[in-house]
Amino acid sequence: MQDTNDLISVIVPIYKVEKYLDECISSIVNQTYRNMQIILVDDGSPDRCGEICDEWAKRDSRIMVIHKSNGGLSDARNAGIDVAIGEFIVFIDSDDWVESTMLEVMHNLLQKEQADFVACGIIDCYPDKKIVHSMPYTVGGSELFLERIYKDTVFPISAVNKLYRRECWKELRFPKGKLCEDAFTTYLLVDKARKIVQIPDALYNYRIRESSIMTTVFRPERMDEEEAWRENYLYMKQKYPKIGKIAYDFYLQKVNILFHTIQEEQYSLYPEEHDYLYHILRSNLIYVIFRSSLNWKYRVTYLLDVLRIK
């Protein structure tokens, strides 16, 4: 039986990424931190991903492979959580890769600070450029980091740049069948945490492809984004009223961004979604201009955007 003391369970949901999968798995097995349970979840991928996973499992005894019918990213991550035996959990998306010291650095700091989870910086990797997102070293509790989610987004909601104690996921799972799954879960994880650490080290390489879920044009499933951020706001309003106002302003920004992903030629294709989002923007116009905490440049832009629609 594998020693679970200080064991990190690495959960990798996999679907239609055979072009990138070897690079991802290689970056995991070559971590300077060696005590890992590597869980490769083949989410019914129709390409060679399942075979590639099995080949890696033959070469490294730390790897276990789950072959399952396709259920989506959340379902694949949840399948990994259900079999994880490590003291800690980390999620890595199968088209991304991580720096060789990621787990060692994050584990050492998590233990040093006796925190519930630690978040590192992220490198956005476009085909022609890289953008590094790095924040100052910060240690704090729930309220500090909840505010950082909604204020200037200085605490990314992404699940993949974080090392968690397994207890964080004891009563929580990703929402099956939803896009924007991290927005449905991160605020709850932060709320439950006693102590969180954010470090400046950019150790996670996030590959941004043209076909990435959140970079494509509007489709009805993207309404999950509005639902997720609305749930964030309502939760904050009830439990943290001071943060609730910031969360609501953030929600309206997200609605505005989502609305503008609907191209003009799509208005007739998605009239219900278009009208629903437009109603939110229009009904909050006076609030945004006179009572929100948003900067004046954004308020003016919001006003012009709403007035020129329809």
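Overview of the structure. This structure is a prediction, so every number in the text was calculated from the model and none was measured.

The rules we used
Residues numbered from 1 in each chain as written. Predicted model: local features only at pLDDT ≥ 70, side-chain atom pairs only at ≥ 80, totals over all residues. Heavy atoms only, no water. Patch = residues over 30% accessible without salt bridge, like charges linked within 9 Å, V, L, I, M, F, W, Y side chains within 5 Å. Areas by Shrake-Rupley, 256 points an atom, 1.4 Å probe, with all protein chains shown as cover. Salt bridge = Lys/Arg side-chain N within 4 Å of Asp/Glu carboxyl O. Helix = DSSP H or I, 4+ residues; strand = E, 2+ residues; numbered from the N terminus. Axes fitted to C-alpha atoms, helices over the stretch in contact; angles between N-to-C directions. Parallel < 35°, antiparallel > 145°, perpendicular 65-115°, else oblique. Left-handed = near helix turned anticlockwise from the far one by under 90°. Contact = heavy atoms within 4.5 Å. Nonpolar A, V, L, I, M, F, W, Y, C, P; charged D, E, K, R; others polar. Core = buried A, V, L, I, M, F, W, Y, C linked by side-chain atoms within 4.5 Å. Buried < 20%, exposed > 50% of the residue type's maximum accessible area, 1.4 Å probe, protein only. Pairing = 2+ DSSP bridges. Phe/Tyr/Trp six-rings, centres within 6.5 Å; stacked < 30°, edge-to-face > 60°. Lys NZ or Arg CZ within 6 Å of the ring centre and 35° of its normal.

**Notes on a nonpolar patch on the surface**
- Judged by side-chain polarity, W296, V300 and L304 come together as a nonpolar surface patch covering roughly 320 Å² of accessible area.
- With respect to the helices and strands, the residue V300 is situated in helix α11 (residues 296-308).

**Details of unusual backbone geometry**
- Despite not being glycine, K16 shows a phi value in the positive range, around 50 degrees.
- In this structure, K16 sits in the loop between β1 (8-14) and α1 (18-29).
- Unlike most non-glycine residues, C180 shows phi in positive territory, near 55 degrees.

**A short note on the packing of helix α8 (residues 241-259) against helix α9 (residues 271-283)**
- Where α8 meets α9, the closest approach of the two axes is 10 Å, and the angle between their N-to-C directions is 140 degrees. Here α8 lies oblique to α9, going by the angle between them. Note on packing geometry: the crossing formed by α8 with α9 is left-handed. Within the contact between the two elements, α8 uses Y251, L252, V255, N256, L258 and F259 and α9 uses H274, L277, Y278, I280 and L281.
- Here the contact of α8 with α9 is built from residues that sort into 9 nonpolar, 2 polar and no charged.

**Focus: the nonpolar core**
- One finds V10, F91, F117, Y150, W169 and W229 to be the most contacted residues of the largest nonpolar core, which totals 101 residues.
- For this core, the element with the most residues is α8, which contributes 10 residues.
- In this view, Y150 contacts Y187, W229, N232, M236, I243, I246, A247 and F250; residues no more than four positions away in its chain are not counted.

**Digging into the pattern of salt bridges**
- Following the criterion strictly, the structure yields 18 salt bridges and no others.
- E55 serves as the salt-bridge partner of R48, at 3.3 Å between the closest nitrogen and oxygen.
- Looking at R48, the relative accessible area reads 34%, which means it is partly exposed.
- Given a relative accessible area of 38%, E55 falls into the partly exposed group.
- Here the salt bridges share partners, and the residues they tie into one network are D43, K68 and D75.

**So, the pairing of strand β7 (residues 130-133)**
- Of the strand pairs in this sheet, strand β6 (residues 117-125) and β7 are connected by 4 bridges, and their pairing is antiparallel. Residue pairing for β7: D124 is matched across the bridge by I131.
- Adjacent in sequence and paired antiparallel, β6 and β7 are bridged by 4 residues.

**Describing the packing of helix α7 (residues 223-239) against α9**
- Packing of α7 against α9 brings their axes to within 11 Å, and their N-to-C directions diverge by 35 degrees. The two elements α7 and α9 cross, and the hand of that crossing is left-handed. Every residue of α9 that contacts α7 at M223, E226 and R230 is listed here: E273, Y276, L277 and I280.
- Broken down by class, the residue content of the contact of α7 with α9 amounts to 4 nonpolar, no polar and 3 charged.

**Overview of the packing of aromatic side chains**
- Throughout the structure, instances matching the rule amount to 19 aromatic pairs.
- Ring centres of F145 and F155 lie 5.0 Å apart, and the angle between their planes is 65 degrees; this geometry places the pair in the edge-to-face category. Taken as a pair, F145 in helix α5 (residues 142-150) and F155 in the loop between α5 and β9 (162-165) lie far apart in primary sequence, 10 residues in all. The exposure classification of F145 matches that of F155, with both residues buried.
- Seen from their ring centres, W169 and F174 are 4.8 Å apart, and the 35 degrees between their planes marks the pair as tilted.
- The rings of F91, F117, Y164, W169 and F174 are connected pair by pair, giving a single aromatic cluster.
- Positioned above the aromatic ring of W56 is the side chain of R59, whose terminal nitrogen or guanidinium carbon lies 4.0 Å from the ring centre.
- Across from the ring centre of F91, 5.7 Å away, lies the NZ or CZ of R77, which sits over that ring.

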